[in-house]
Amino acid sequence: LPQAVRIWSARRAMLRSLWDYQLQAESGCAHDAFVDLVGICCDAAFAEVRAVLMSRSKSWSSLGLERARIQLQRSRWAAERAYRPDARALAAICLHRGELMRLASAAVVPSAPPSSLAARSHRRQRDQDLRASFQETLQLYDRAAEHLKSAEWKQSHASLNEASWHPPRGHIR
């Protein structure tokens, strides 16, 4: 039970952080490539998936997976429309979308009908659907690898060299 409470609290916290980001973006403090929005949306999608995996309700599973998909779709929309899209953010989106697709296809495996002919036909269709889903998942992983190859990596970030603590909301005065 305590883990379930932590998972739901994390989900709520991610949704609140998305709201906080929107307030910050309205004041003009958002990143040009929307990497901050991408990160928050990916984390919110991850929190939704964790809640789905913890839940036993089938109706909540499909709703939660759909919410996670919408968060990732939102992050992709923002990242691809940036003036200079960040390849690392696009790679993170592709990886999260691939994992969501993999989990969604594994979670939605219906039971076969009782008749043998119908059962074989049903299993054949399910297997074809799973195969197509996994192929699309692998394509997303390949896209993530391509984005990572094209990313501009720096040796180290200046903030990593500072030995000071930074408040979560930054040094805005």
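If you're wondering where the values come from, they're calculated on a predicted model, not measured in any experiment.

### Looking at the overall build of the protein chain
Per the secondary structure count, the protein chain includes 6 helices and 0 strands. Each helix and strand of the protein chain, ordered N terminal to C terminal, gives the series α-α-α-α-α-α. Evaluated residue by residue, the protein chain yields a buried proportion of 29% over its 173 residues. For the protein chain, the accessible surface area stands at approximately 12100 Å², while carbon and sulfur atoms represent 57% of it.

### Observations concerning empty space enclosed by the protein
For the structure on display, the rule yields 1 cavity of 30 Å³ or more. Arg-76, Glu-80, Leu-90, Ile-93, Cys-94, Arg-143 and His-147 are the residues that line the largest cavity. When contributions to the lining of the largest cavity are tallied by element, the ones reaching two or more residues are helix H3 (58-80), helix H4 (87-107) and helix H5 (116-150). Residue composition of the lining of the largest cavity, grouped by class: 3 nonpolar, 1 polar and 3 charged.

### Some words on H5
Helix length check: H5, at 35 residues, gives a terminal C-alpha distance of 51 Å against a target of 51 Å (1.5 Å per residue), a fit within 8%. For H5, the set of buried residues is Ala-119, Leu-130, Ser-133, Thr-137, Leu-140, Ala-144 and His-147.

### Here we look at the state of the cysteines
With the rule as written, the count across this model stands at 0 disulfides. Lacking any disulfide linkage, Cys-42 is separated from the closest cysteine sulfur, that of Cys-41, by 7.2 Å. Judged by relative accessible area, which is 3%, Cys-42 ranks as buried. Cys-42 supplies the cysteine sulfur nearest to Cys-94, a cysteine that is in no disulfide, at a spacing of 9.7 Å. Accessibility expressed as a relative area gives 3% for Cys-94, which makes it buried.

### Some remarks on the environment of Arg-6
Structurally, Arg-6 can be placed in helix H1 (residues 2-26). Looking at Arg-6, the relative accessible area reads 55%, which means it is exposed.

### Description of the side chain of Ser-75
Within the secondary structure, Ser-75 is located in helix H3. Judged by its relative accessible area of 0%, Ser-75 falls in the buried class. Not counting residues up to four positions away in its chain, the partners in contact with Ser-75 are Val-38, Cys-41, Cys-42 and Ile-93.

Procedures and definitions
- Residues numbered from 1 in each chain as written.
- Predicted model: local features only at pLDDT ≥ 70, side-chain atom pairs only at ≥ 80, totals over all residues.
- Heavy atoms only, no water.
- Helix = DSSP H or I, 4+ residues; strand = E, 2+ residues; numbered from the N terminus.
- Buried < 20%, exposed > 50% of the residue type's maximum accessible area, 1.4 Å probe, protein only.
- Areas by Shrake-Rupley, 256 points an atom, 1.4 Å probe, with all protein chains shown as cover.
- 1 Å grid on protein atoms, 1.4 Å probe; cavity = no way out; pocket = protein on both sides within 12 Å on 5 of 7 lines; lining within 4 Å.
- Points joined across faces, edges and corners; volume = space filled by probe spheres on them.
- Nonpolar A, V, L, I, M, F, W, Y, C, P; charged D, E, K, R; others polar.
- Expected span 1.5 Å × (residues − 1).
- Disulfide = S-S within 2.5 Å.
- Contact = heavy atoms within 4.5 Å.

Scope: geometric values only; no functional claims are made or implied.
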